[in-house]
Amino acid sequence: MNSPRERILARLKAAPKAAAPLRPDWTPPAYDAATRKARFKSMLEASHADVHEVSATDWPERLKTILANKGVGTMIYAPGTDAGKLLAGSWGDSPTRLVAYDRPVEDFKDVLVSRADAGFTTTKGGIAQTGSLVLWPTPDEPRLMSLLPPIHVALVEEASLTDSLAETIRAQGWAGQMPTNAVLVSGPSKTADIEQTLAYGVHGPKELIVLLIGSVSP
Amino acid sequence: MVAETKKLEFGAKAHVALNDPKLRANFRRAMDGLMTKRAAQFADVAEWTSLRARGAAVRANALAKLPELLEQLEANCRKNGIQVHWAETTAEANAIVLGILEAAGAKTVIKGKSMVTEEMHLNAHLEKHGITPVESDLGEYIIQLAGEAPSHIVMPCIHKNKAEIAELFHDKIAGQAYTENVDELTAAARAALRGAFAGADAGISGVNFAVAETGTLVLIENEGNGRLSTTLPPLHIAVTGIEKVLEKLDDVPPLLSLLPRSATGQPITTYVNMISSPRKEGEKDGPKAVHLVLLDNGRSRVHGDTELRDTLRCIRCAACMNHCPVYTRVGGHTYSFTYPGPIGKLLTPQLEGLDCAGDQPHASTLCRACADVCPVKIPIPDLLVRLRTESVRPTSPGAVKGAGSATSATETLGWKGWTLLYASPLVYRIGTRMLGWFGNLMPSSAPMLKQWTSVRTKPKFAPKSLHELAREKGFCDE
Ligand code: SF4
């Protein structure tokens, strides 16, 4: 009984037992396909994100235009992902330069912290109830690309939308395979610490651009 | 001595706060807004009722299995590569954090928002040992610049208005012009903190929920500073109270649906960050080492009482303080301790002792507004009454730290006399007669009367008692 661990656990174990209550039924919301998509979009837009409906083939072109219109000089991307390959392969001529996040952060910090204007990531899904993107970083697609640059561009497939987080966790079997870091993103970085006045981009991205790939390609 | 000063503090400080029109206005505006936003989120009463029942059960379940779940959490964290430490006291927790930082040669630390590190006074401890902690949550950054403590558990600088913050930034940030434009102020903080993030040797964060099933730390926030603090530096230390554990990943969604909606009226926070391990082989970013510090600091004692245990269900949403007629008028600093408002006056005396913070359970009207909005159904007013009782009539020894500390000889004597008076018709009759004759001669400074009359007019005894008047009218006593 010498360690704090043992003493704390001993005290907790000596406490009178209370029966663990059953968790009463609770049903997260469910939507039909059309409502699901509409809700996903409107919730994201309500949290100040920009949602564009795109197709599986035209999205790199569409993105090029969006970024050019915003005057984005540099976008970091993950060269190892399928989306990254498609992006790099079809980028061609554009005022926006693509920079690959292909080495450890220690060698890339400067680009991340002060040089990149935008970061591009894929998503593992979208959640209609709250308008959230599920980010599931991998060795190919690191964590910081969605966070440090002033603009975050995220690619979501309509087919990956679920109604609620509860459904996502079950449907995608999260409990058995949590990654180093899973993140839900619902809008750009914001704060209301000064007189409850909303301000965007306090530490993370000021803008969130969502490319939503329809289930039926036009 | 310390106990004595603390005891006097709430009442005295409350008077000062009540006479501060600026503070009153800052809180009024903020709390009115938060109440309206929360109400809009829970307009569907059926949904609120079932979600809340689920949320309360999830937390009660975790507390019923607390020791087992902590062991499971520890084992799963270790399996995932997270190093786990246990601390009985805040001093131990501070020493653990400092030890980890020193072993890593860390000199600068970037912090995400964390109430438990406020509870530990971690910043002061680190500074004393030559380590510079920088708060990165905008609200925390503002109060760190001002050298103050948080006045609210979700919105730490809610007591300040734009002009005060503009002044502060102008004073403390080199080259910052005076501006009350919120976007410009926010941009100034972003610019000032970027370098701190990039240069930090370590990041420190709190934890909202720790999932035993998977060994996952869930952190929620809007700014992204929490994600940065836990991703950019090579070392991440998470600190949490031992009560924050949940059994399953499935337990996260209902609580996540309750917390931000209760707190700020948002459907969800911008970021929900789930950390399960340090950087793995082949990954390009994330800290190379993650540590989890589990802090007791009296929580296991609270857990030892099956009634008071409900206190530990708290998910720190702050809805109770936003709705408390006392908190909304006096603000968080009046409470003198880390956790203000209804949850504070319930938690603080249990962690610090009734001898130290025994006045806090009295700083309540028992109007039940806190209980009505608490998303995990903590019966705060009932537990406040229990603590009031404990301070004069302790139940089982050791159940509450400092129980019995408010017992006074005069009061005990007073109650004994009262009992005597009411138990014998003769003494009662003589007593009331005497009070009718001489009661009004009693000075308001008399023992026991003194406190009562400090905020009330002294009661005036009628020359004749009700019994006498009734008898004169011809009613019979029996
Ligand atoms: S006691 Fe209830 S309402 Fe108050 S902060 Fe805790 S969970 Fe929220």
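Treat the numbers as computed from the prediction; the structure is a model and nothing was measured.

Participant: Teacher, can you tell me more about the nonpolar core here?
Facilitator: Nonpolar side chains in soluble globular proteins tend to end up buried together. The biggest cluster of nonpolar side chains holds 121 residues, and the ones touching the most others in it are A:Trp174, B:Val97 and B:Leu101. B:Val97 has contacts with B:Met120, B:Leu122, B:Leu126, B:Ile204, B:Ile237, B:Val239 and B:Val293, leaving out every residue within four places of it along the chain. A:Leu44, A:Val183, A:Leu212 and B:Phe197 belong to the second largest nonpolar core, which has 54 residues in total.

Participant: Is there a simple way to think about the UniProt feature "domain: LUD" (unreviewed entry) in chain A in this case?
Facilitator: The UniProt entry lists residues 39-213 of chain A under the feature "domain: LUD" (unreviewed entry), expressed in the numbering used here. The straight-line gap between the two end C-alpha atoms of residues 39-213 of chain A is 15 Å; of that span, 25% is helix and 29% is strand.

Participant: What should I look at first to understand the sheet that holds strand E8 (residues 245-246) of chain B in this one?
Facilitator: The strands making up a sheet associate through hydrogen bonds between their backbones, and the pairing can be parallel or antiparallel. Taking strand neighbours across the sheet as the criterion, the eight strands line up as E8(A)-E5(A)-E6(A)-E9(A)-E9(B)-E6(B)-E5(B)-E8(B) in an open arrangement whose pairing is mixed. Bordering the open sheet on either side are strand E8 (161-162) of chain A together with E8 of chain B, each of which pairs with just one other strand. In terms of strand pairing, strand E5 (residues 209-211) of chain B meets E8(B) through two bridges, oriented parallel. Within E8(B), the position partnered with B:Val211 by the bridge is B:Leu246.

Participant: Explanation requested: the sheet that holds strand E2 (residues 108-111) of chain B in the structure shown.
Facilitator: Residue and element names in this part refer to chain B. Taken in spatial order, the six strands make up an open sheet running E1-E10-E7-E4-E2-E3, and their pairing is parallel. With one partner strand each, in any of the chains shown, strand E1 (82-87) and strand E3 (132-135) form the two edges of the open sheet. Here the strands of the sheet are splayed against their neighbours by 25 degrees on average, with no regard to which way each runs. Note: E2 against E3, four bridges, orientation parallel.

Participant: Would you take a moment to explain the pairing of strand E4 (residues 202-205) of chain B for this structure?
Facilitator: Residues in a regular strand project their side chains so that they alternate between the two faces of the sheet. Residue and element names in this part refer to chain B. Neither face of E4 is left uncovered, since the one carrying Ala202 and Ile204 and the one carrying Gly203 and Ser205 both have all their residues buried. Where E2 lies against E4, three bridges are found, and the strand directions are parallel. The partner of Val109 across the bridge, within E4, is Ala202. Relative to strand E7 (residues 235-241), E4 runs parallel, the two being bridged by three bridges. The residue bridging Gly203 from the neighbouring strand is His236, located in E7.

Participant: For this particular structure, what's the right way to read the pattern of salt bridges?
Facilitator: Note that side chains of opposite charge can pair when their charged atoms are close. By the definition in use, this model includes 37 salt bridges over all chains. Residues A:Arg103 and A:Asp102 are paired through a salt bridge, measuring 2.9 Å at the closest nitrogen-oxygen approach. Each of A:Arg7, A:Arg11, B:Glu88 and B:Asp296 takes part in salt bridges that share partners, so that together they form one network.

Participant: How do you make sense of the interface of chain B and chain A when you look at a structure like this?
Facilitator: A common way to report how large an interface is uses the accessible area buried once the components associate. If you look at the interface, chain B gives 93 residues, while chain A gives 74 residues. Remark: the boundary between chain B and chain A carries 11 salt bridges. A:Glu106 serves as the salt-bridge partner of B:Arg279, at 2.9 Å between the closest nitrogen and oxygen. The class makeup of the residues in the side of chain B that touches chain A is 39 nonpolar, 26 polar and 28 charged.

Participant: What is the right way to look at the packing of aromatic side chains in this model?
Facilitator: The way to describe two aromatic rings as a pair is by their centre distance and the angle between their planes. Scanning the entire structure with this criterion turns up 12 aromatic pairs over all chains. When the centroid spacing of 5.6 Å and the interplanar angle of 85 degrees are considered together, the rings of B:Phe27 and B:Tyr327 count as edge-to-face. Of this pair, B:Phe27 sits in helix H2 (residues 21-41) while B:Tyr327 sits in helix H15 (residues 327-330); the two residues are 300 residues apart in sequence, bridging distant segments of the chain. Considered together, B:Phe27 and B:Tyr327 belong to a single accessibility category, that of buried residues. Between the aromatic rings of B:Trp418 and B:Tyr422, the centroid separation amounts to 5.1 Å while the plane-to-plane angle is 35 degrees, which identifies the pairing as tilted. Of the two residues, B:Trp418 and B:Tyr422 both sit in helix H20 (residues 409-423), four residues apart, roughly one turn of that helix. We classify B:Trp418 as partly exposed; its relative accessible area is 47%. An aromatic cluster of at least three residues, connected via ring pairs, comprises B:Phe10, B:Phe27, B:Tyr327 and B:Tyr335. Against the face of A:Trp91 rests A:Lys64, its NZ or CZ located 5.9 Å from the ring centre. One Lys or Arg, A:Lys124, reaches over the ring of A:Trp136 and ends 4.6 Å from the middle of that ring.

Participant: Teacher, can you tell me more about a nonpolar patch on the surface here?
Facilitator: Taken together, B:Leu426, B:Val427, B:Ile430, B:Met434, B:Trp437, B:Phe438 and B:Leu441 make up a surface patch of nonpolar side chains, about 750 Å² in accessible area. The topology assignment puts B:Met434 in helix H21 (residues 425-438).

Participant: I would appreciate a short explanation of the site of the ligand in the present structure.
Facilitator: As a structural note, the neighbourhood of the ligand is formed by B:Cys314, B:Ile315, B:Arg316, B:Cys317, B:Ala318, B:Cys320, B:Ile343, B:Cys374, B:Pro375, B:Val376, B:Ile378 and B:Ile380. Partitioned by chemical class, the residues of the shell around the ligand number 11 nonpolar, no polar and one charged.

Participant: Looking at this structure, I do not really get the environment of B:Ala357. What am I missing?
Facilitator: All names here are of chain B. Structurally, the position occupied by Ala357 is in helix H17 (residues 354-357). Residues Ala357 and Phe337 lie 20 residues apart in sequence; the distance between their C-alpha atoms is 8.8 Å. If we ignore the near neighbours within four places in the chain, the residues touching Ala357 are Phe337, Thr348 and Pro349.

Participant: How do you make sense of the side chain of B:His159 when you look at a structure like this?
Facilitator: Residue and element names in this part refer to chain B. Examined against the element boundaries, His159 turns out to sit in the loop between helix H8 (138-146) and helix H9 (162-172). The buried category is assigned to His159, whose relative accessible area is 8%. Polar contacts involving the side chain of His159 include one to the side chain of Glu148, which spans 2.6 Å. Once residues lying within four places of it in the same chain are set aside, the contact partners of His159 are Leu23, Asn26, Phe27, Ile143, Glu148, Ala149, Ser151, Glu164 and His333.

Participant: What am I meant to see in the packing of helix H3 (residues 59-70) of chain A against helix H4 (residues 82-91) of chain A here?
Facilitator: When two helices pack together, their arrangement is given by the angle between the helix axes and by the axis-to-axis distance. All names here are of chain A. Between H3 and H4, the shortest axis-to-axis distance is 9 Å and the interhelical angle comes to 70 degrees. Regarding the angle of H3 to H4, the classification is roughly perpendicular. Between H3 and H4 lies a crossing whose hand is right-handed. Every residue of H4 that contacts H3 at Trp59, Pro60, Glu61, Leu63, Lys64 and Leu67 is listed here: Ala83, Leu86, Leu87, Ser90 and Trp91.

Participant: Before we go on, may I ask you to explain the environment of B:Gln350 in this structure?
Facilitator: Residues and elements named next belong to chain B. Here Gln350 lies in helix H16 (residues 341-352). Expressed as a C-alpha distance, the spacing of Gln350 and Leu383, which sit 33 residues apart in the sequence, is 11 Å. Among residues more than four places away in sequence, those in contact with Gln350 are Arg301, Val302, Leu308, Thr311, Leu387 and Lys401.

Participant: Would you mind going over helix H4 (residues 66-80) of chain B with me for this structure?
Facilitator: Quick reminder: α-helices carry 3.6 residues per turn. Residues three or four places apart thus point the same way. All names here are of chain B. Between its first and last C-alpha atoms H4 spans 21 Å; for 15 residues at 1.5 Å apiece the expected length is 21 Å, and the two agree. Of the positions making up H4, those classed as buried are Leu66, Pro67, Leu69, Leu70, Leu73, Glu74, Asn76 and Cys77. Gly81, located one to two residues past H4, shows a positive phi value of around 95 degrees.

Calculation rules
- Chains are numbered independently. Their residues run from 1 in the order of the written sequence.
- Each chain is given a letter, starting from A, and each ligand a number, starting from 1, according to the order in which they appear as written.
- Only residues with pLDDT of at least 70 get local features here, since the model is predicted, and only at 80 or more are side-chain atom pairs given and counted; chain-wide, interface and lining totals rely on the full set of residues.
- Side-chain measures were taken over the full set of non-hydrogen atoms in the model, leaving aside hydrogen atoms and water.
- We define a nonpolar core as any set of buried Ala, Val, Leu, Ile, Met, Phe, Trp, Tyr and Cys residues linked to one another through side-chain atoms lying within 4.5 Å.
- Using a 1.4 Å probe on the protein chains alone, a residue whose accessible area is under 20% of its type maximum counts as buried, one over 50% counts as exposed, and one in between counts as partly exposed.
- Contact definition: two residues touch when any of their heavy atoms are within 4.5 Å.
- UniProt positions are given in the numbering used here, feature names are shortened, and annotations may be inferred rather than shown by experiment.
- Going along the chain from the N terminus, every DSSP run of H or I of four or more residues is numbered as a helix, and every run of E of two or more is numbered as a strand.
- When DSSP locates at least two bridges between a pair of strands, those strands are taken to pair.
- Between N-to-C directions, angles span 0 to 180 degrees; the directions come from axes that are lines fitted to C-alpha atoms, helices contributing only their stretch in contact.
- When a carboxyl oxygen of Asp or Glu lies within 4 Å of a side-chain nitrogen of Lys or Arg, that pair is called a salt bridge.
- Here the term charged refers only to Asp, Glu, Lys and Arg, the term nonpolar to Ala, Val, Leu, Ile, Met, Phe, Trp, Tyr, Cys and Pro, and the term polar to all other amino acids, Gly among them.
- Here a Phe, Tyr or Trp ring, Trp counted by its six-membered ring, pairs with any other such ring whose centre lies within 6.5 Å, and the pair is stacked when the planes are under 30 degrees apart, edge-to-face when over 60, and tilted otherwise.
- A positively charged side chain is recorded as over a ring if its NZ (Lys) or CZ (Arg) lies within 6 Å of the ring centre. The angle to the ring normal must also be within 35 degrees.
- Exposure above 30% relative accessible area and the absence of a salt bridge qualify a residue for a patch, where like charges join within 9 Å and nonpolar side chains (Val, Leu, Ile, Met, Phe, Trp, Tyr) within 5 Å.
- Here the Shrake-Rupley method, with its probe set to 1.4 Å, supplies the accessible areas, and only the displayed protein chains count as covering residues.
- By convention in this text, a residue qualifies as near a molecule or strand provided that one of its non-hydrogen atoms is within 4 Å of it.
- Whenever two N or O atoms come within 3.5 Å, that pair is a polar contact, provided that in protein one can donate a hydrogen and the other can accept it, and provided that, for residues adjacent in sequence, both atoms are side-chain atoms.
- In this scheme, roughly parallel covers angles under 35 degrees and roughly antiparallel covers those over 145, while 65 to 115 is roughly perpendicular and the rest are oblique.
- A clockwise turn of the near helix away from the far one marks a right-handed crossing, whereas an anticlockwise turn of less than a right angle marks a left-handed crossing.
- Each helix should span, by expectation, one fewer than its residue count multiplied by 1.5 Å.

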